[in-house]
2 protein chains.
Amino acid sequence: MEPSAKDHILSSWQDTLHSHGFRVTRPRQQVMEIITSSTTALTPQEIYHKSLEGERFPGIASVYRTLELLDKLGLIQQIHQPGGCHGIWPTVEGHNHCLICRNCGQMKIIEGNEDITGYIARIENQTGYRVDDHWLQFFGTCSGCLD
Amino acid sequence: MEPSAKDHILSSWQDTLHSHGFRVTRPRQQVMEIITSSTTALTPQEIYHKSLEGERFPGIASVYRTLELLDKLGLIQQIHQPGGCHGIWPTVEGHNHCLICRNCGQMKIIEGNEDITGYIARIENQTGYRVDDHWLQFFGTCSGCLD
DNA sequence: TCCTTATTGATAATAATTATCATTATCAGT
DNA sequence: ACTGATAATGATAATTATTATCAATAAGGA
Ligand SMILES: [Zn+2]
Ligand SMILES: [Zn+2]
Ligand SMILES: [Zn+2]
Ligand SMILES: [Zn+2]
């Protein structure tokens with residue numbers, strides 16, 4: 001069985017930890033494993049509760065500490081939704097947009113290649129703002145939930 | 001002096017409260033006044049602390065209760081940002097996007113007339129999702145902060 | 001003005017996050 | 001593989017944000 005995308009992210013994250021002088025500990029591995037194997041953006045509490053399913057699990061403080069570290073290293077990002085805003089998801093290289101199923105929470109990352117530069121230029125002219133970033137996210141129903 | 005846009009929103013909100021059988025009380029008026037006169041999206045706590053500047057002010061519980069009511073009536077919405085997600089802002093009629101200054105927090109609402117329907121169709125084909133809504137928000141620097 | 005009752009304020013309870021510190025375990029150096 | 005320095009953990013206390021409770025108050029119709 002070839003290594004999955006998840007395994008690739010996991011080992012890349014461990015390399016990043018090591019190369020920054022951070023230790024790869026069991027609690028950190030557990031949290032990273034949960035994040036990378038999820039199909040939905042999980043909250044810190046959800047990550048903690050998932051970890052309880054194992055026979056050994058990290059303390060809640062270590063979950064938060066790991067998330068803080070992964071965030072500082074730019075490995076994760078927060079996903080915002082109308083119903084809740086602490087969803088954790090691996091950072092994807094380059095500009096992108098996310099697509100979330102309202103029903104089951106399943107997430108997809110859309111590699112961003114849309115052209116809204118014209119729209120942005122118009123907004124800058126209208127408002128006098130200089131725009132340097134944007135969030136574009138889509139909400140809907142995934143194919144599984146459509147059936 | 002002609003009535004400002006803020007006064008117009010305020011009296012419209014009071015009408016909405018009355019027409020739904022809710023009383024227009026002093027605490028509610030204070031919270032509504034703070035929200036409608038702000039140039040930035042305020043958190044519940046910020047709204048409460050601003051209210052303390054007056055000689056009489058609502059209890060923190062009434063601030064939350066008022067926000068809950070305004071939200072239920074669709075009069076306010078939450079503004080999400082990388083740094084924090086409980087910003088309260090008056091709802092604007094129709095589809096729109098928001099533009100936030102990273103430096104001072106000043107907000108502008110852009111009446112949404114962008115054309116991303118082609119992009120959405122492409123995403124639906126790629127992913128099998130049905131997309132029914134989206135968030136598009138811009139971050140940058142306002143003209144005041146550019147000087 | 002009076003009366004009904006929706007709403008408030010004070011505060012307790014709950015929930016989420018952060019701080020503290022003695023103990024544990026990673027991993028570089030042998 | 002063993003050892004030691006110390007980064008990191010777990011348990012728990014502290015802090016912060018939000019919600020629930022309930023007797024007292026005040027909005028607004030009669
Ligand atoms: Zn958010
Ligand atoms: Zn779904
Ligand atoms: Zn500004
Ligand atoms: Zn739009």
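Residues numbered from 1 in each chain as written. Chains lettered and ligands numbered in written order. Predicted model: local features only at pLDDT ≥ 70, side-chain atom pairs only at ≥ 80, totals over all residues. Heavy atoms only, no water.

A. Up close: the overall build of chain A. Along its length, chain A carries 6 helices and 5 strands. When the elements of chain A are put in sequence order from the N terminus, they spell out α-α-α-α-β-β-β-β-α-β-α. Oriented by its inertia axes, the alpha-carbon framework of chain A measures out at about 55 × 45 × 35 Å. Across the 147 residues in chain A, those meeting the buried criterion constitute 41%. The contacts in chain A between residues at least 6 apart in sequence include a share of 47% that link residues at least 24 apart. Per element, the accessible surface of chain A, about 8200 Å² overall, is 47% carbon and sulfur. (Helix = DSSP H or I, 4+ residues; strand = E, 2+ residues; numbered from the N terminus. Buried < 20%, exposed > 50% of the residue type's maximum accessible area, 1.4 Å probe, protein only. Contact = heavy atoms within 4.5 Å. Areas by Shrake-Rupley, 256 points an atom, 1.4 Å probe, with all protein chains shown as cover.)

B. Local environment of the protein's contact with DNA strand C. Close to DNA strand C lie 18 residues, the nearest being R23, V24 and Y64 of chain A together with T25 and R65 of chain B. R28 of chain B has a polar side-chain atom sitting 2.9 Å from a phosphate oxygen of DNA strand C. A distance of 2.9 Å separates a phosphate oxygen of DNA strand C from a polar atom in the side chain of S62 of chain B. Of all the secondary-structure elements, those providing two or more residues to the surface near DNA strand C are α4 (60–72) of chain A together with α2 (26–36) and α4 (60–72) of chain B. (Near = heavy atom within 4 Å. Polar contact = N/O pair within 3.5 Å; in protein donor to acceptor, adjacent residues only side chain to side chain.)

C. Structural detail: the coordination of the zinc ion (ligand 1). Protein-derived coordination of the zinc ion (ligand 1) comes from H80 of chain A (ND1), C85 of chain A (SG), H80 of chain B (ND1) and C85 of chain B (SG), at a distance range of 2.1 to 2.4 Å. Around the zinc ion (ligand 1) sit 4 donor atoms; with metal-centred angles ranging over 80 to 133 degrees, the donor geometry is irregular. We classify H80 of chain B as buried; its relative accessible area is 3%. Judged by its relative accessible area of 9%, C85 of chain B falls in the buried class. (Donors = N, O, S within 2.8 Å, 3.2 Å for Na, K, Ca; no water. Tetrahedral: all angles 85-135°; square planar, octahedral: opposite > 155°, others 65-115°.)

D. Geometry of the relation of the copies chain B and chain A. Note on the identical chains: chain B maps onto chain A by a rotation of 179 degrees and an axial translation of 0.1 Å, with an RMSD of 0.2 Å. This pairing of chains is accounted for by a two-fold axis. Rotation axis and chain B: the residue whose C-alpha lies nearest the axis is L136 of chain B, separated from it by 2.2 Å. Most of the interface of chain B is mirrored in chain A, where 100% of its interface residues again form contacts. (Least-squares fit on C-alpha atoms with pLDDT ≥ 70 in both.)

E. Expanded view of the sheet that holds strand β3 (residues 96–101) of chain A. Strand order in this open sheet of 6 strands is β4(A)-β3(A)-β5(A)-β5(B)-β3(B)-β4(B), and the pairing throughout is mixed. Two strands close off the open sheet at either side, each with one partner strand: β4 (107–111) of chain A together with β4 (107–111) of chain B. Strand-to-strand twist across the sheet, computed as the mean angle between neighbouring axes with direction ignored, equals 25 degrees. Bridge count between β3 of chain A and β4 of chain A: 5 bridges; the pairing is antiparallel. (Pairing = 2+ DSSP bridges. Axes fitted to C-alpha atoms, helices over the stretch in contact; angles between N-to-C directions.)

F. Inspection of the pairing of strand β5 (residues 130–141) of chain A at higher detail. Most of β5 of chain A is tucked away: 9 of the 12 residues are buried. Examined bridge by bridge, β3 of chain A and β5 of chain A share 4 bridges and lie parallel to one another. Each bridged residue has a counterpart across the sheet, and for L99 of chain A the counterpart in β5 of chain A is F138 of chain A. Judged from the 11 bridges that link them, β5 of chain A and strand β5 (residues 130–141) of chain B form a sheet pairing that is antiparallel. Bridging from a neighbouring strand, H134 of chain A pairs with F138 of chain B of β5 of chain B.

G. Structural detail: the interface of chain B and chain A. Opposite the 40 residues of chain B that make contact, chain A presents 40 residues. In total, about 3400 Å² of surface goes out of reach between chain B and chain A, with carbon and sulfur atoms giving 65% of it. Among the residues of chain B in contact with chain A, Y119, Y129 and W135 of chain B are the three that bury the most area, contributing 23% of the side total. One salt bridge connects D133 of chain A with R102 of chain B, and the closest N-O pair in it is separated by 3.9 Å. Here chain B is connected to chain A by 14 residue pairs in polar contact (both at pLDDT 80 or more). When residues of the side of chain B that touches chain A are traced back to their parent elements, those giving at least two are β1 (76–81), β3 (96–101), β4, α5 (117–127), β5 and α6 (143–146) of chain B. Top element by residues in the side of chain B that touches chain A is β5 of chain B. It accounts for 12 residues. Partitioning the side of chain B that touches chain A into residue classes produces 19 nonpolar, 13 polar and 8 charged. (Buried area = accessible area lost by both parts, 1.4 Å probe. Salt bridge = Lys/Arg side-chain N within 4 Å of Asp/Glu carboxyl O. Nonpolar A, V, L, I, M, F, W, Y, C, P; charged D, E, K, R; others polar.)

H. Main features of the protein's contact with DNA strand D. G59, S62 and R65 of chain A together with V24 and Y64 of chain B are the nearest of the 19 residues found near DNA strand D. Of all DNA strand D atoms lying within 4 Å of any protein atom, the proportion belonging to sugar or phosphate reaches 65%. One nitrogen or oxygen atom from the main chain of R23 of chain A is found 3.1 Å from a phosphate oxygen belonging to DNA strand D. Secondary-structure elements contributing two or more residues to the surface near DNA strand D are α2 (26–36) and α4 of chain A together with α4 of chain B. A per-class count over the surface near DNA strand D returns 8 nonpolar, 6 polar and 5 charged.

I. Representation of the pattern of salt bridges in the model. Counted by the stated rule, this structure contains 6 salt bridges over all chains. Note that R102 of chain A and D132 of chain B form a salt bridge whose closest N and O atoms lie 2.2 Å from each other. Here R102 of chain A, found in the loop between β3 and β4, pairs with D132 of chain B, found in strand β5, and the two come from separate chains. Here E33 of chain B and K6 of chain B are joined by a salt bridge, their closest N and O atoms 3.0 Å apart.

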